[in-house]
Amino acid sequence: MNIKIKNVDKSQILKYLGHRGDSLDQEFSNELEDSIEEIKRISDPKWIMREFNLKELSLEGTNLTFEGESIKELLKTSKSVVLFATTLGSKVDLLISRYSKSNLSKAVIFDSVASAAVESICEEIEYSIKIEKSEKGLFLTDRFSPGYGDLKIQYSKDICRVLDTGRKIGLTTSQTGIMIPRKSVTAIIGVSNIKQSYRERGCTNCMMSGHCEFRKRGSVCYAK
Amino acid sequence: MLNDYGFVMLDGAMGTMLTEAGLKAGEKPEFLNIEAPEKVIDVHKKYIEAGSNIIYSNSFGVSSRKLIGERYTTEEVIRAAVKNAKIARGDREVRIALGLGSLGEMMEPMGTLTFEETYELYKEQVLIGADEGVDLVVIETITDLYELKAAILAVKENTRLPIITTMSFEDNGRTFSGCLPESFAITATGLGVSALGVNCSLGPDEIYPIIERVSKVTNLPLVVKANAGLPNFQGEYTMKSQEFAKSMAKIADLGVQYLGGCCGTRPEYIVELKKELEDRELKSRRVVKVSAVCSPVKYLELKGFIGVGEKINPTGKPYLKESLAKGNMDPIIREAISQSEGYCEILDVNVGTPEVDEVKTMREAVKTIQSVVDLPLQIDSSNLVAIESGLRVYNGKPVVNSVTGEFDKMEEFFPIIKKYGAAFIGLTLDENGISDNPIGRYRVAERIVKTAIEYGIPKEDIIIDCLALTVSAKEDSAMVAMETIDLVKERLGVKTILGVSNISFGLPGRDLINNSFLLMAIARGLDMGIINPTSPSTIDALRAYELLWGKDKGAEKYISSHKDNVQEEKPFENKDISVDYALSKGMEKELVDLTKALLREKSELEIIDSYLIPALDKVGISYEKGEIFLPQLIKSASTAQAAFEILKESIAKKGSENISKGDIILATVKGDIHDIGKNIVKVILENYGYNVIDLGKDVAIEKIVEVAKERNIRLIGLSALMTTTLKNMEDTINEIKKYDSQVKIMVGGAVLTGEYAKRIGADYYVSDASADVEIAKNIFGE
């Protein structure tokens, strides 16, 4: 299915770029705006989701079973789970690689803008699922992706396989588990009739914990 | 060939039927060939009973790369799949197609699968299928034209089986990778498939406009296998069989001969479709004659005037020669990008110089250029082997430049041009050299056209070079070219081209002569010109031509192009700007001009050591202090690079020794494709005078060791961005150290830490964009 990029979080982009909160000069600000507009224009975001009943950590109707403490914790009260995958499409990759040959600074900005754009799409998808479920009196857990906590990054590959993303939205994974097109996300959200207090965004569950650039600077990546 | 008359019924979905029979999401439907053959045979039988004349074996996703770690091999699955289809067929008049799908992994340049690997993976499958006795091969649900090309070549070079191929398009009329229906159609037609069309992704109503576009550019039989409409929110297909059949019948009315179903269709869909077609006759289609070339995303009909960029050519460019000899493609990439922003729609690619292995370099150049620019390419060489190596890896339909009218040359070149389905330029010269009258040149053109057609090359793919020779040697040479254009166009009806700038060779004020000649020739009907597409005066002349020929509505292009030029012509005032300032602010043009001005008084080395490096140091310190941040640092570094290019060119021209302070290899490790970080380090190191040998991304361990040996390297930088590829980084380090424990290794990437770097045996950890310079200074000295 198609989806549009609406809001891209500029503070997020600046964080990706290592900006330390000083004021921005006008020229850079304009460049950032231009990049956001360009991403909106040239990307072709697509997404796909499916809900599966859970039997412990196994997804019914598939051959997929999750393993790991953090996913177990996340899904402990969930009866079902929503898997989704989304991608900005291959043109974004091509443009980043072209800019990295002709205008590296622009490539770096563009890369960060694209990351923020795919994050904003995830938020949108998450929100639409939340609305749908809350009408039925159900709650969502936080959104979790392979690589969070101790959930192995290789699960991206399994999620892509179960959702048939190659055929449905053009999202593939390489032998080493890299998603291509690059600006893509696979995600897991538990559906429960109990509201959860668990937050996956705590730093202790993060793969970067211990050597995080944000924490070194006394900040956190999810700070608004 | 397929030799079918009238409609031919294909089958419907296999996966849909097997899912209904209990297949789970994420499981391989192909494994049922072995584990539950009765289920697969049953589906085939139902389709045959529904009326399918051709059934596809259940073997779409079983390349050996996809089956790594699985319980069956490619050979086991394909053999079982074809056997099941044969059992289902019994002795009925039904043909069995070896069903091949996408490999499911992205190819280069975006992914890590190379063209050559892709070819091998298809070849393996095709050989097994052919051995099992299939009647034809189907290549379907492809979204990357490059993958399709590898697959077609694998079938054609290893069997004599006919090929049906279908790609999958989205509702925006492009595949996921951006390929256009027209690009697909002319490329596959040129490569010699038997029938082509569209399958999957969309229902018949949405496929209609796409197959209609395909039908306008190919004369081959057409194929459609549509889904049962579009899926709903839950991913279910809801179009009913009768509705499907009615909608498919409209597609049949376009003259589409091969019809069937894809996702969501069942045997009853084929029954209904057959019923719907009973009273219809297959419509004969209008014969199409189009001259066109393409990349996946650019389809270019050769009409109006087409500019061909001439600048990727080392002749007379010492710096380009030197770079090619070192295997450094960066200058070529820059030429490609800048030309693509100028007045041109095709890029000529010539890498012929005595210092390089032209065959290998052509392959690399084509791959590299098409990864950053989407214009169709023109493969330019007099060496047929080099031409073939470029043609093979080109993604789309290219032009070959060029073939002369000599019989032995035509005999050699035409089979290759035919095989790869390229257009070509025929030079109006032969065993007797170049005729100095138009009739003589026309005769050669006539012979080229006649011979090419005998080799099966369509007339639409022939472009005749009427030859521009310098007017300084012979005063009528422009007029001879003009009259040759007249004759070739009138009597042969093929396209014409000229290498425009040859006309002014040896004369002053060449631009004026070139542009006047170009406009004269266009007026005579010249179709294509090999030109300098970034020359402002040529762009001006061509914009004027567009305006005067009524091709520029409201003079918009002319006016906007003219505005730009006025700005550029402003004299440069450099009095107030210092090197420091220009560099820190990323003012490229100013810095380049300053550098050129300095070159009049100072040596290249002096400029580097006394101006550029100190300015870069200041920027580096600001970055470390947090006064500027990453994009600004890179901008300054890239700006400095433009100045270094000027200095390098100046050095190359003098032929004096280079200024490198040391050679450093940089590579993103095997399995990883993140390369922005590596590219940043490269620019910064180059700015400090180091010669960076950039091996790119996803680099094999052996390759790094090989280059390290060959070039006697003392410092290697490795990058990895995934936790999953850190292992490859460790393996790479081990192998390098095994080869020579004295080679120093620096590593960087988001998931790394200093501690981890030490643990995997690296000598240095690159913590940020400027840390690498300190490391290099450490090793090579200040």
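Just above sits the structure.
In this text the structure is predicted, and so the values were computed from the model without any measurement. (Residues numbered from 1 in each chain as written. Chains lettered and ligands numbered in written order. Predicted model: local features only at pLDDT ≥ 70, side-chain atom pairs only at ≥ 80, totals over all residues. Heavy atoms only, no water.)

All names here are of chain A. Pairing is antiparallel in the open sheet, where 5 strands are placed in the order β2-β1-β3-β7-β4. Strand pairing shows two members of the sheet lacking a second neighbour, β2 (58-59) and β4 (139-140), which therefore form its edges. The sheet contact formed by β4 and strand β7 (residues 184-192) spans 2 bridges and is antiparallel. The partner of F139 across the bridge, within β7, is S192. (Pairing = 2+ DSSP bridges. Helix = DSSP H or I, 4+ residues; strand = E, 2+ residues; numbered from the N terminus.)

Residues and elements named next belong to chain B. Along the chain, E108 connects to P109 via a cis peptide bond; the corresponding omega equals 0°. Residue S402 follows N401 across a cis peptide bond; omega there is 10°. Assignment of secondary structure puts S402 in strand β14 (residues 399-404). A positive phi is found at A555, a non-glycine position, where the angle reads about 55°. Among the secondary structure elements, A555 is positioned in the loop between α19 (536-548) and α20 (556-568). Look at N712: it is not a glycine, yet its phi comes out positive at around 55°. Looking at the element boundaries, N712 is found in the loop between α26 (701-711) and β21 (715-719). Given a relative accessible area of 62%, N712 falls into the exposed group. (Buried < 20%, exposed > 50% of the residue type's maximum accessible area, 1.4 Å probe, protein only.)

Turning to the sheet that holds strand β12 (residues 346-349) of chain B, a few remarks are in order. Residues and elements named next belong to chain B. Spatially, 8 strands are ordered β11-β12-β13-β14-β15-β16-β17-β18 in a closed barrel, and the strand pairing comes out parallel. Strand-to-strand twist in this sheet, taken as the mean axis angle between neighbours without regard to direction, amounts to 30°. Pairing of β14 with strand β15 (residues 423-427), which is carried by 5 bridges, proceeds in the parallel orientation. Its bridge partner lying in β15, V400 is registered against F424. (Axes fitted to C-alpha atoms, helices over the stretch in contact; angles between N-to-C directions.)

The next thing to look at is the nonpolar core. Judged by nonpolar contacts, the single largest core of 161 residues is most densely connected at I211, L259, I369, F424 and L498 of chain B. Per element, the largest residue contribution to this core is 9 residues, and it comes from helix α6 (residues 145-158) of chain B. Among all residues touching L259 of chain B, those that are not within four sequence positions of it are F7, V8, M9, L10, V224, M248, I251, A252, L273 and L277 of chain B. Core analysis: the second largest hydrophobic core is formed by 85 residues, I42 of chain A together with I608, I628 and L630 of chain B among them. (Core = buried A, V, L, I, M, F, W, Y, C linked by side-chain atoms within 4.5 Å. Contact = heavy atoms within 4.5 Å.)

This part is about the packing of aromatic side chains. Overall, the coordinates contain 14 aromatic pairs over all chains when judged by the stated rule. Ring centres of F144 of chain A and Y148 of chain A lie 5.4 Å apart, and the angle between their planes is 75°; on these two criteria the pair is classed as edge-to-face. Classification of F144 of chain A by relative accessible area gives buried; the value is 0%. Consider the rings of F305 of chain B and Y545 of chain B, whose centres lie 6.3 Å apart with planes at 80°: the pair is edge-to-face. With F305 of chain B in the loop between β10 (299-301) and β11 (306-312) and Y545 of chain B in helix α19, this residue pair connects regions lying 240 residues apart in the sequence. Each of the two residues, F305 of chain B as well as Y545 of chain B, counts as buried. Put simply, the rings of F305, Y545 and W549 of chain B pair up and form one aromatic cluster. Against the face of Y56 of chain B rests K225 of chain B, its NZ or CZ located 3.7 Å from the ring centre. The ring of Y442 of chain B has R491 of chain B sitting right over it, with the charged end atom 5.2 Å from the ring centre. (Phe/Tyr/Trp six-rings, centres within 6.5 Å; stacked < 30°, edge-to-face > 60°. Lys NZ or Arg CZ within 6 Å of the ring centre and 35° of its normal.)

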